Amino acid sequence: DGGITQSPKYLFRKEGQNVTLSCEQNLNHDAMYWYRQDPGQGLRLIYYSQIVNDFQKGDIAEGYSVSREKKESFPLTVTSAQKNPTAFYLCASTLVYSGANVLTFGAGSRLTVL
Amino acid sequence: RKEVEQDPGPFNVPEGATVAFNCTYSNSASQSFFWYRQDCRKEPKLLMSVYSSGNEDGRFTAQLNRASQYISLLIRDSKLSDSATYLCVVNQGGGFKTIFGAGTRLFVKA
């Protein structure tokens, strides 16, 4: 079945450590996105990519980095510069870069900083 | 003012009840509208798109009022399995301009 696979599902990190969250899709979607969700808040966009080797900052990109070397993959690195990284991270994709297209989400990665 | 506002609830209703959720958005240039459902600690999943003419999918009816910048979702004959958080989602054109409301929590009890 086609879909988006995120790993790990749960991750614990010590302060000062960088961590990388994996996102792989086999939907042949062009655009990929990373969102962060905190309790009581809507999803907020971290980074997005319309095409391989291209990506753009979203609303809350500080302390995060991404790469898009393959169409299928869009990993997110949470760096030590991110002041409050504990959150639920969701990767999503759409077939084309268009608002009319529905976002398909992965199951999410829950990061806790100890 | 938030770009997309929803009543956070929670809404506690008995099985079989009809419940309505409302959502307002601030950008009059918004182009596409959706309701997503999110179960506890899971990812959001599309429930239905919302069209100006209104649309229905079984027990679910969505309405859009562009003049008032208002979206609604009506659930009839609530089931226990409808318990979830319902997210109002508005797109302002382009994939990155998708704005999510904080969600409305629904609990359906037996």
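Everything discussed here concerns the structure shown above.
So, here's what we can say about the structure. Predicted, not measured: the structure shown is a model, and the values here were computed from it.

1. Re the sheet that holds strand E7 (residues 60-65) of chain B
Residues and elements named next belong to chain B. Reading across the sheet, the five strands line up as E1-E3-E8-E7-E6 and stay open at both edges, with antiparallel pairing between neighbours. Since the sheet does not close on itself, it has two edges, and those belong to strand E1 (4-6) and strand E6 (55-57), each with one partner. Neighbour to neighbour, the strand axes of the sheet diverge by 20 degrees on average, direction disregarded. Relative to strand E8 (residues 70-75), strand E3 (residues 19-25) runs antiparallel, the two sharing six bridges. The partner of Phe 21 across the bridge, within E8, is Leu 73.

2. Some words on the environment of Pro 8 of chain B
Note that Pro 8 of chain B resides in the loop between E1 and strand E2 (11-14). Remark: the alpha-carbon pair of Pro 8 of chain B and Ala 102 of chain B, spanning 94 residues in sequence, is separated by 7.1 Å.

3. Some points on the interface of chain A and chain B
With 22 residues of chain A at the interface, the matching set in chain B holds 18 residues. Summing the contributions of chain A and of chain B, the shared interface buries around 1,600 Å²; its carbon and sulfur component is 57%. Viewed at the interface, chain B and chain A are joined by zero salt bridges. At the surface where chain A touches chain B, the tally comes to two residue pairs in polar contact (both at pLDDT 80 or more). Broken down by secondary-structure element, the contributors of at least two residues to the side of chain A that touches chain B are strand E4 (31-37), strand E5 (44-51) and strand E9 (87-94) of chain A. Looking at the side of chain A that touches chain B, its residues break down into 14 nonpolar, seven polar and one charged.

4. Focus: the pairing of E8 of chain B
All names here are of chain B. Note: E7 against E8, six bridges, orientation antiparallel. From the neighbouring strand, Gln 63 faces E8, where its bridge partner is Ser 72. In this structure, the hairpin formed by E7 and E8 is closed by a connection of four residues, where Gln 69 is found at a positive phi of approximately 55 degrees.

5. Description of the sheet that holds strand E3 (residues 19-25) of chain A
All names here are of chain A. Pairing is antiparallel in the open sheet, where four strands are placed in the order E1-E3-E8-E7. A strand with exactly one partner marks an edge of an open sheet, and here the two such strands are strand E1 (4-7) and strand E7 (64-66). Here the average twist between neighbouring strands, direction ignored, is 20 degrees. The sheet contact formed by E3 and strand E8 (residues 76-78) spans three bridges and is antiparallel. Across the sheet, Leu 21 pairs through a bridge with Leu 76, a residue of E8.

Quick notes on the rules
Residues numbered from 1 in each chain as written. Chains lettered and ligands numbered in written order. Predicted model: local features only at pLDDT ≥ 70, side-chain atom pairs only at ≥ 80, totals over all residues. Heavy atoms only, no water. Pairing = 2+ DSSP bridges. Helix = DSSP H or I, 4+ residues; strand = E, 2+ residues; numbered from the N terminus. Axes fitted to C-alpha atoms, helices over the stretch in contact; angles between N-to-C directions. Contact = heavy atoms within 4.5 Å. Buried area = accessible area lost by both parts, 1.4 Å probe. Salt bridge = Lys/Arg side-chain N within 4 Å of Asp/Glu carboxyl O. Polar contact = N/O pair within 3.5 Å; in protein donor to acceptor, adjacent residues only side chain to side chain. Nonpolar A, V, L, I, M, F, W, Y, C, P; charged D, E, K, R; others polar.

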